[in-house]
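A structural walkthrough
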Amino acid sequence: MAGLNLKLHIFLNIILSIVIICSPASKSFSTKSFLKCFSPHLKHNSKMVPIFSEIILTKNSSSYSSVSQSSIRNRRFLKTPSRLKPEIILTPFHESHVQAAVVCSTQNDIQIRVRSGGHDYEGLSYVSDHFSPFMIIDLNNFRSIKVDIEKEVAFVQAGASVGELYYKIAEKSGVHGFPAGSCPTVGVGGQFSGGGFGTIFRKYGLAADNIIDAIIVNVKGEILDRKSMGEDLFWAIRGGGGSSFGVILSWKVKLVRVPPTVSIFHIQKTLEEGATKLFHKWQRTANRIHEDLFLHATTGVASTNEINRKTIKVSFTSLFLGTAQKLVSLLEESFPELGLEISNCTEMSWIQSVLYFAGFSTDDPLEVLLNRNMTAGFFKAKSDYVKEAISEASLEVIWKRHIEDEGSVLIWTPYGGRMSEISDSEIAFPHRNGNLYGIQYLVYWSEDNETANHIGWMRRFYSYMEAYVSKSPRAAYLNYRDIDIGKNDIGNTSYSKASTWGVKYFKHNFKRLVSVKTKVDPCNFFRNEQSIPVMES
Ligand code: FDA
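Fair warning: this is a prediction, and the values are worked out from it, not measured in the lab.

**Quick word on the sheet that holds strand 18 (residues 437–445)**
The strand order 15-12-14-13-17-18-16 describes an open sheet built from seven strands, whose pairing is antiparallel. Only two strands of the sheet have a single neighbouring strand rather than two, namely strand 15 (345–348) and strand 16 (378–386). Recorded for the sheet is a direction-independent mean angle of 20° between the axes of neighbouring strands. The sheet contact formed by strand 17 (residues 408–414) and strand 18 spans seven bridges and is antiparallel. Bridge pairing in strand 18 places proline 414 opposite tyrosine 437.

Structural data, given as structure tokens:
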């Protein structure tokens, strides 16, 4: 009899998991009905959240605009037409608010955009061109960070910035760090779920490689940790982006050891000073050099002594996990053409190098890392990966096209080291062995009416670069989101459409991401212009 019951139970479970009824998207959304569903959940923790208006903002709220714009990092999205703006902005104080928001959103057919640091290059955490009505869950109040130096771990809530994490680590230890990005205002929610690389990633891998647990609210409003979400979903949210799978509340990360003394240098050369030859050598050196050494190149347009003649300035900037003396010997061996001397190098602590790469003075107080304000300019970005060195002759032509837009900046990041050792299917981030370097193309401008010109330059330049970069697919980095490489249809996602950009971001991991998505969010509730689609039946 017991055996029969068990069989019946298994049968029902199978039927339930096959027959999933997804309700069609509703045409009208009622704020009132959403609030009626959500309000009872606030009582749960009245001590922490006494004022309703602090946590929920509607389009009529006086602080709606200021909160909506508070972490917009790209002015292209500041003047968004009202139809693309959220119906509601929720700034939860407690996990139960996020759970309630998910449950009430699914019941009221309103889409969710999750915003941690707001740095999404296409504004997908706060603007919706395709999927409305929508609300923002802004995790600005989810910023607690606990560092346990003895266990060499940190618990960091998703709304914290990488600067806040670095600061908290430095408060406890001068010989620990974390391999995330260089810009302190970026949110750990978006960055870690998309990968996250910085100056020590050749030694330690990505931020996502160093995540050991996570807390997420799934589409049913349940709170899951690594054990309860299972290894598939835990795999997906390390590199596959969080926004397709749920609302990530926090990460548990493994800290890494850094030496008490690190060294930096910065050497600039113009084309007239032989930059092309140096850059050509850099391409074949920086990814093979010792993993303690990060040597990236930035190229930008600079003036010359001649009126109306521009040049390209190549900046080689480096962080070495060791003393200046060792750094100079290493480069004498592998890159003597750079002519590095001890006088070019500065020794400092790792946290001072964080200040340096963030654009601060190394003497600034560490509290500057806590400042989340950032001047938002207009910009557009794209990315590529390079597997074979570009010839000097081709570089000369690339520089000519680069010079055409004075606001253009290219960041060339060497891979290799630990990045080549980790399998490309270990986590959802796939860009590992075989890449010499990644390129980030950026173009900045300051006036709204210049937008079309600069975006036009970017598209032409990207198209020109096709010959020199990875192929089948032409790979791209999710965290440098680029809507030009494809987007889901209005209000819908389809596998075949999504695979065009999905394969660029995730390569062969795209298929597994689709399968995880189908399992954890079969009705495709968490969706956006570039979300992972569910499997087509
Ligand atoms: P935002 O809040 O806009 O989120 C980005 C995406 O993640 C959105 O789709 C959002 O919905 C989703 N998301 C955010 N939080 C989530 C959560 N808790 N749960 C589920 N989904 C969530 N990258 C890098 O690797 N190294 C670097 O050095 C830099 N440097 C850098 C500098 C500057 C100035 C910018 C603007 C960007 C970078 N980046 C970077 C890229 C950055 O890592 C990328 O834009 C991240 O997605 C930003 O994360 P935020 O949380 O700030 O953005």
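Read on, since the account is not over.
**Considerations on the packing of aromatic side chains**
All told, the structure shown has 35 aromatic pairs when counted by the stated rule. Ring centres 6.3 Å apart and planes at 75° place the aromatic pair phenylalanine 201 and phenylalanine 294 in the edge-to-face group. Here phenylalanine 201 is found in helix 8 (residues 201–204), whereas its partner phenylalanine 294 is found in strand 13 (residues 293–303), with 93 residues between them in sequence. No difference in accessibility class separates phenylalanine 201 from phenylalanine 294, as the two residues are buried. Between lysine 382 and the ring centre of tyrosine 462, over which it is positioned, the NZ or CZ distance is 4.7 Å. Looking at arginine 474, its charged tip hangs above the ring of tyrosine 462, at a distance of 3.6 Å from the centre.

**Remarks on the pattern of salt bridges**
Within this structure, the stated rule accounts for 29 salt bridges. Aspartate 482 is paired through a salt bridge with lysine 380; the nearest N and O atoms lie 2.8 Å apart. Of this pair, aspartate 482 sits in the loop between helix 16 (451–465) and helix 17 (495–506) while lysine 380 is found in strand 16, placing the two residues 102 residues apart along the sequence. Look at aspartate 482 and you get buried, because its relative accessible area is 3%. Residue classification places lysine 380 among the buried positions, given a relative accessible area of 2%. Note that aspartate 384 and arginine 474 form a salt bridge whose closest N and O atoms lie 2.6 Å from each other. Note that aspartate 384 is positioned in strand 16 and arginine 474 in the loop between helix 16 and helix 17, a separation of 90 residues in sequence. Assessed through its relative accessible area of 11%, arginine 474 is described here as buried. Each of Arg76, Glu122, Lys380, Lys382, Arg459, Asp482 and Asp484 takes part in a single network of salt bridges with overlapping partners.

**A word on the side chain of aspartate 120**
With respect to the element layout, aspartate 120 can be found in the loop between strand 3 (111–115) and strand 4 (134–138). The exposure class assigned to aspartate 120 is buried, which follows from its relative accessible area of 18%. From its side chain, aspartate 120 meets the backbone nitrogen of leucine 124 in a polar contact 3.2 Å long. Residues within four places of aspartate 120 in sequence aside, it is in contact with Ser125, Tyr126 and Arg481.

**Things to note about the site of the ligand**
Around the ligand, a shell composed of 31 residues is seen, among which Val114, Ser116, Ser125, Gly187 and Tyr477 lie nearest. For the ligand, an oxygen atom lies 3.0 Å from a polar atom in the backbone of histidine 119. Considering the ligand on its own, with 950 Å² of exposed area, one finds that the protein chains cover 93% of that surface. If you list the elements that add at least two residues to the shell around the ligand, you get strand 3, helix 7 (188–194) and strand 10 (247–254). Considering every element that reaches the shell around the ligand, the biggest residue donor is helix 7, with three residues. Across the shell around the ligand, the residue classes tally to twelve nonpolar, 16 polar and three charged.

**Brief notes about the sheet that holds strand 8 (residues 211–217)**
As summarised here, the arrangement of the five strands in space is 5-6-10-8-9, forming an open sheet in which the pairing is antiparallel. Of all strands in the sheet, those bounded by a partner on one side alone are strand 5 (145–148) and strand 9 (223–224). Across two bridges, strand 8 lies against strand 9 in antiparallel orientation. The partner of isoleucine 216 across the bridge, within strand 9, is leucine 224. The sheet contacts of helix 5 (residues 95–108) involve strand 8, strand 9 and strand 10, and relative to strand 10 the element is tilted by about 135°.

**So, helix 5**
Side chains of residues three or four places apart in an α-helix project in the same direction, reflecting 3.6 residues per turn. The end-to-end C-alpha separation of helix 5 is 20 Å, in line with the 20 Å expected for 14 residues at 1.5 Å each. Taken together, the buried positions of helix 5 are occupied by Ser96, His97, Val98, Ala100, Ala101, Val102, Cys104, Ser105 and Asn108. Trailing helix 5 by a residue or two, aspartate 109 shows a phi angle of about 50°, which is positive.

**A closer look at helix 13 (residues 350–357)**
Counting buried residues in helix 13 gives six out of eight residues, a clear majority hidden from the surface. Among the residues of helix 13, those classed as buried are Trp350, Ile351, Ser353, Val354, Leu355 and Phe357. Against helix 6 (162–172), strand 7 (176–177), strand 12 (262–270), strand 13, strand 14 (310–320) and strand 15 lie the buried residues of helix 13. At the exit of helix 13 stands glycine 359, carrying a positive phi of roughly 90°.

**What to know about the environment of glycine 181**
Positionally, glycine 181 belongs in the loop between strand 7 and helix 7. Spatially, the C-alpha atoms of glycine 181 and histidine 266 are 19 Å apart, while their sequence positions differ by 85 residues. The residues touching glycine 181, leaving out its near neighbours within four places in the chain, are Val162, Tyr166, Gln191, Phe197 and Gly198.

**As for the packing of helix 2 (residues 31–42) against helix 5**
Following both chains from N to C, one finds helix 2 and helix 5 inclined at 155°, their axes separated by 9 Å at the closest point. Of the possible angle classes, the one that applies to helix 2 and helix 5 is roughly antiparallel. The crossing of helix 2 and helix 5 is right-handed. Between helix 2 and helix 5, the contacting residues are Ser33, Phe34, Cys37, Phe38, His41 and Leu42 on the first element and Ser96, His97, Ala100, Ala101, Cys104, Ser105, Gln107 and Asn108 on the second.

**Details of the side chain of lysine 504**
Structurally, the position occupied by lysine 504 is in helix 17. One polar contact links the side chain of lysine 504 to the main-chain carbonyl oxygen of arginine 474, over a distance of 3.4 Å. Discounting residues that sit within four places of it in the chain, lysine 504 has contacts with His431, Pro473, Arg474, Ala475, Ala476 and Ile485.

Calculation rules
Residues numbered from 1 in each chain as written. Predicted model: local features only at pLDDT ≥ 70, side-chain atom pairs only at ≥ 80, totals over all residues. Heavy atoms only, no water. Pairing = 2+ DSSP bridges. Helix = DSSP H or I, 4+ residues; strand = E, 2+ residues; numbered from the N terminus. Axes fitted to C-alpha atoms, helices over the stretch in contact; angles between N-to-C directions. Phe/Tyr/Trp six-rings, centres within 6.5 Å; stacked < 30°, edge-to-face > 60°. Buried < 20%, exposed > 50% of the residue type's maximum accessible area, 1.4 Å probe, protein only. Lys NZ or Arg CZ within 6 Å of the ring centre and 35° of its normal. Salt bridge = Lys/Arg side-chain N within 4 Å of Asp/Glu carboxyl O. Polar contact = N/O pair within 3.5 Å; in protein donor to acceptor, adjacent residues only side chain to side chain. Contact = heavy atoms within 4.5 Å. Near = heavy atom within 4 Å. Areas by Shrake-Rupley, 256 points an atom, 1.4 Å probe, with all protein chains shown as cover. Nonpolar A, V, L, I, M, F, W, Y, C, P; charged D, E, K, R; others polar. Expected span 1.5 Å × (residues − 1). Parallel < 35°, antiparallel > 145°, perpendicular 65-115°, else oblique. Left-handed = near helix turned anticlockwise from the far one by under 90°.

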